[in-house]
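Here is what each chain is made of, one letter per residue.
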Amino acid sequence: ASMALVPLLIASAQALNSKELPEIEYENDESLYEAQNRAVRLMLKSKLIFVGDPMQLPPIARTYELKKSIFEHYGVEEIFNGHQVANTVLLDTNFRNHPHIVNCASRLFYGGLLKSGRCDDGKDSLYMRKSTSKMVSSEGSYINDGNMRIVVEQARRALERGRRSIGVITPYKKQASKINAAFEELKTCLL
């Protein structure tokens, strides 16, 4: 739900709209479009649960109003600052990632509330280098040259140490293209 556009939320709420539920008072927010206010009113009358992470990427849209997630509108991220947030439940255990990664994310983004559901196997799992270069907008996507150089250098070192499988994840198509081009160049240098 963190990336869901408000029109999608409207459709979900409309599909589940029930006249049997009590009406909850809601004041229009003048900074939102009427469609967004209508979505909120419909959701308040629906049996609907949104599951998402307010600390993840927001909706991708061209207008500022549509970029605002439902979580941002209701201040859900305040739960990580120790505040109670109405109608919100914190799912606080991560079973997917290594405990080192969970602990780092917990400290940096989740106010220390996120816990790991996995045992520490004693292996190193996290290496971080921060790029000082800025993200640059490029044809509806983003590029960060400093980040790309760090990724390629780390991949080169790993390949030299015998690694044969390396995965890189980036949410931006232009950044992925730039990294892939650098990897092609790296392959020719290593052959």
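To keep things clear, this report deals only with the structure shown in the data block.

Cut-offs used in this document
Along each chain, residue indices are assigned from 1 in the same order as the chain's sequence is written. In keeping with the predicted nature of the model, local features appear solely for residues at pLDDT of at least 70, side-chain atom pairs appear and are counted solely at 80 or more, and the whole-chain, interface and lining totals rest on all residues. By convention in this description, side-chain values take in all heavy atoms of the structure and omit both hydrogens and water. In the sections that follow, a salt bridge refers to a side-chain nitrogen of Lys or Arg positioned within 4 Å of a carboxyl oxygen of Asp or Glu. In this description a helix means any DSSP run of H or I spanning at least four residues, a strand means any run of E spanning at least two, and both kinds are numbered starting from the N terminus. We define a polar contact as two N or O atoms separated by no more than 3.5 Å, with the added condition that, inside protein, one atom must be a possible hydrogen donor and the other a possible acceptor, whereas residues neighbouring each other in sequence contribute only through side-chain atom pairs. Residue contacts are counted whenever heavy atoms from the two residues lie within 4.5 Å of one another. Only protein atoms enter the calculation, which uses a 1 Å grid: trapped sets of points that fit a 1.4 Å probe without letting it out are cavities, open sets showing protein on both sides within 12 Å along at least five of seven lines are pockets, and any residue with an atom within 4 Å of a point is a lining residue. Grid points are joined across faces, edges and corners, and a volume is the space filled by probe spheres set on the points. When residue character is reported, Ala, Val, Leu, Ile, Met, Phe, Trp, Tyr, Cys and Pro are called nonpolar, Asp, Glu, Lys and Arg charged, and the others, Gly included, polar. Aromatic pairs are defined between Phe, Tyr and Trp rings, using the six-membered ring for Trp, whenever the two ring centres lie within 6.5 Å; interplanar angles under 30 degrees are classed as stacked, those over 60 as edge-to-face, and all others as tilted. A simple rule labels every residue: compare its accessible area, found with a 1.4 Å probe on the protein chains alone, to the largest value its type can have, and call it buried under 20%, exposed over 50%, or partly exposed in between.

Once their charged atoms are close, side chains differing in charge can pair, the charge on each being opposite to the other. Enumeration according to the criterion identifies seven salt bridges in this entry. Glu139 is paired through a salt bridge with Lys174; the nearest N and O atoms lie 3.0 Å apart. Here Glu139 is found in the loop between β3 (136–138) and β4 (141–143), whereas its partner Lys174 is found in helix α7 (residues 173–190), with 35 residues between them in sequence. A single salt-bridge network, built from bridges that share partners, covers Glu153, Arg156, Arg157 and Glu160.

The subject of this paragraph is the side chain of Asn94. Summarising the element assignment, Asn94 is placed in strand β1 (residues 93–94). One polar contact links the side chain of Asn94 to the main-chain amide nitrogen of Arg96, over a distance of 2.9 Å. The contact partners of Asn94, leaving out residues within four places of it in the chain, are Val102, Leu114, Lys115, Ser116, Gly117 and Arg118.

Considering only enclosed or pocket space, the second largest pocket measures out at about 420 Å³ in volume. Taken together, 14 residues form the lining of the second largest pocket, with Ile60, Ala61, Gly140, Tyr142 and Tyr172 sitting closest to its centre. Its residues placed into classes, the lining of the second largest pocket shows eight nonpolar, three polar and three charged.

Before going further, it helps to spend a moment on the packing of aromatic side chains. Scanning the entire structure with this criterion turns up two aromatic pairs. Ring centres of Phe80 and Tyr110 lie 5.0 Å apart, and the angle between their planes is 80°; this geometry places the pair in the edge-to-face category. In this pair, Phe80 sits in the loop between α4 (70–74) and β1 while Tyr110 sits in the loop between α5 (99–109) and β2 (115–116), placing the two residues 30 residues apart along the sequence. Since its relative accessible area comes to 10%, Phe80 is described here as buried. Aromatic side chains Tyr142 and Tyr172 sit 5.1 Å apart centroid to centroid with 70° between the ring planes, which places their arrangement in the edge-to-face category. With Tyr142 in strand β4 and Tyr172 in the loop between α6 (145–160) and α7, this residue pair connects regions lying 30 residues apart in the sequence. For Tyr142, a relative accessible area of 34% puts it in the partly exposed group. By relative accessible area, Tyr172 is classed as partly exposed at 26%.

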